[in-house]
Amino acid sequence: MPLSAERKEEYFSNLKQLLTDYSKCFVVEVDNVGSHQLQLTRKALRGKAEVLMGKNTMMRKCIREFAEENEGNPIAQLEEVCRGNVGFVFTNGDLGDIRETLESNVRPAPARVGGIAPSDVMILKGPTGCDPGQTNFFQTLQISTKISRGQIEMTNDTHLITAGDKVTASQAAILQKLGIEPFTYGLNLKSVYDNGSLFDAKVLDITDDVLAAKFSSALSMVASMSLALGYPTQASVPHSIANAFKAVLAITLGCDNYTFDKADVYAAYLADPSKFAAASGGGGGGGAEEAAAEEEEEEEEEQEAPAVDMFGGDDAGGDY
């Protein structure tokens, strides 16, 4: 049933207000998402984000009108993403937190005949609970089975459905018999709009740790190339200084009559490495020496103890 003119005007006013109040939004796909699940998602986002659904033609027209009223506003990019069963989640908060909330509100769902599988489906080997009269279902799908203890048992793990394929009637029937709900449905993140920039939602997977690792790898590559070419850069200068110090130190240690302050510690180490081993503790060597000293003291005490006659006598003789 088409919306009345009043409802359309109210919807347009609401969407334009959201476009004005919020600088960020998610474009989400809502395939196979029921009204109850959507209501739970709205409840989880209350106070942090606003969810808006609608017909694509209405959303595109509203965005177009808003862009015409606000010339130069980059919000016009959203018109192109209104394709398919999509909606908007507006927010001014942290995109990562909103994403976690959206991805946590999912529910398991059975495989429907003719539906597109969002992920691969594997059936693990083992007892199925089906009586031997239902082997036709398994034979149709070329699943190897055997009869064990009065029921059908699968002998191998089976890759039943590939992501992106349509679910057939036989596949849906056998999953239903096994009581398997292989898919999960929720608001699927499609794109992200952030202060005039529109990008794929996968960009949010790039964390600070990932950026730091990429930067360190690139910096190491620049330093290596600069050293190989003999061309100094900010990345290679610390390595060049370290290499120069090593060269000067090697020459200094080879000279008998020349040295400098920084080279003295290396010369002392080469002259007597044991001093540095003792200073570092030697990995518990000191404790071993103390234990040996204690053993020697105990031996001396044992040697100094007076001899006692077995029968209670002394050097002058006893009663016996």
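Details of the structure are given in the entry above.
These numbers come from a predicted model, not from an experiment.

Peer 1: Residues and numbers for the overall build of the protein, please.
Peer 2: Within the protein one finds 11 helices and 12 strands. Counting all 320 residues of the protein, 27% fall into the buried class. The contacts of the protein with a sequence gap of at least 6 include a subset with a gap of at least 24, amounting to 72%. Looking at the protein as shown, the accessible area adds up to about 21,500 Å², and 52% of this sits on carbon and sulfur atoms.

Peer 1: I'd love a proper account of the layout of surface pockets, names of residues and values included.
Peer 2: Taken as a whole, the largest pocket holds about 480 Å³ of empty space. Lining the largest pocket are 25 residues, and of these Pro-118, Thr-184, Tyr-185, Gly-186 and Asn-188 lie nearest its centre. Within the residue set of the lining of the largest pocket, elements represented by two or more residues are helix H4 (95–104), strand S10 (183–185) and strand S11 (188–194). If you tally residues by element for the lining of the largest pocket, the top one is S10, at 3 residues. Residue composition of the lining of the largest pocket, grouped by class: 12 nonpolar, 6 polar and 7 charged.

Peer 1: Before we move on, can you summarise the side chain of Ser-191 with the specific residues and values?
Peer 2: Structurally, Ser-191 can be placed in strand S11. Of the residues examined, Ser-191 reaches a relative accessible area of 11% and is grouped as buried. Ignoring anything within four residues of it in the chain, the contact list for Ser-191 reads Cys-25, Phe-26, Val-27, Val-81, Leu-198, Phe-199 and Ala-201.

Peer 1: Before we move on, can you summarise the nonpolar core with the specific residues and values?
Peer 2: One recurring pattern in soluble globular proteins: nonpolar side chains tend to sit buried together. With 21 residues, the main nonpolar core has Tyr-11, Leu-15, Leu-19, Met-59, Leu-78, Phe-88 and Phe-90 as its most contacted residues. Contributions of two or more residues to this core are made by helix H1 (5–21), strand S1 (24–29), helix H3 (56–69) and strand S3 (86–91). When sequence neighbours within four positions are dropped, the list of residues in contact with Phe-88 reads Cys-25, Phe-26, Val-27, Glu-50, Val-51, Leu-52, Met-59, Ile-63, Leu-78 and Cys-82. With 18 residues, the next largest nonpolar core counts Ala-117, Val-121, Phe-138 and Leu-175 among its residues.

Peer 1: Now, about the packing of H1 against H3: what can you tell me, with residues and values included?
Peer 2: At their nearest, the axes of H1 and H3 sit 10 Å apart, and the two run at 55° to each other. Looking at the two axes, H1 sits oblique to H3. With respect to the hand of their crossing, H1 and H3 are arranged in right-handed fashion. Facing H1, whose interface residues are Lys-8, Tyr-11, Phe-12, Leu-15, Lys-16, Leu-19 and Thr-20, H3 presents Met-58, Met-59, Lys-61, Cys-62, Ile-63, Glu-65, Phe-66 and Glu-69. Looking at the contact of H1 with H3, its residues break down into 9 nonpolar, 1 polar and 5 charged.

Peer 1: Run through unusual backbone geometry, naming residues and quoting values.
Peer 2: The phi dihedral of Arg-149 is positive, around 55°, even though this residue is not glycine. Structurally, the position occupied by Arg-149 is in the loop between strand S7 (145–148) and strand S8 (151–154). Under the relative-accessibility criterion, Arg-149 is labelled exposed at 87%. Phi angles above zero are rare outside glycine, and Asn-195 is one such case at about 50°.

Peer 1: For the packing of helix H8 (residues 237–254) against helix H9 (residues 261–271), give the residues involved together with the corresponding values.
Peer 2: Where H8 contacts H9, the two axes come as close as 10 Å, and the packing angle between them is 55°. Considered as vectors, H8 and H9 are oriented oblique to each other. Relative to H9, the crossing made by H8 is right-handed. Where H8 approaches H9, its residues Phe-245, Leu-249, Thr-252 and Leu-253 are matched on the opposing element by Lys-262, Ala-263, Tyr-266, Ala-267 and Leu-270. In the contact of H8 with H9, the residues fall into 7 nonpolar, 1 polar and 1 charged.

About the criteria used
- Residues numbered from 1 in each chain as written.
- Predicted model: local features only at pLDDT ≥ 70, side-chain atom pairs only at ≥ 80, totals over all residues.
- Heavy atoms only, no water.
- Helix = DSSP H or I, 4+ residues; strand = E, 2+ residues; numbered from the N terminus.
- Buried < 20%, exposed > 50% of the residue type's maximum accessible area, 1.4 Å probe, protein only.
- Contact = heavy atoms within 4.5 Å.
- Areas by Shrake-Rupley, 256 points an atom, 1.4 Å probe, with all protein chains shown as cover.
- 1 Å grid on protein atoms, 1.4 Å probe; cavity = no way out; pocket = protein on both sides within 12 Å on 5 of 7 lines; lining within 4 Å.
- Points joined across faces, edges and corners; volume = space filled by probe spheres on them.
- Nonpolar A, V, L, I, M, F, W, Y, C, P; charged D, E, K, R; others polar.
- Core = buried A, V, L, I, M, F, W, Y, C linked by side-chain atoms within 4.5 Å.
- Axes fitted to C-alpha atoms, helices over the stretch in contact; angles between N-to-C directions.
- Parallel < 35°, antiparallel > 145°, perpendicular 65-115°, else oblique.
- Left-handed = near helix turned anticlockwise from the far one by under 90°.

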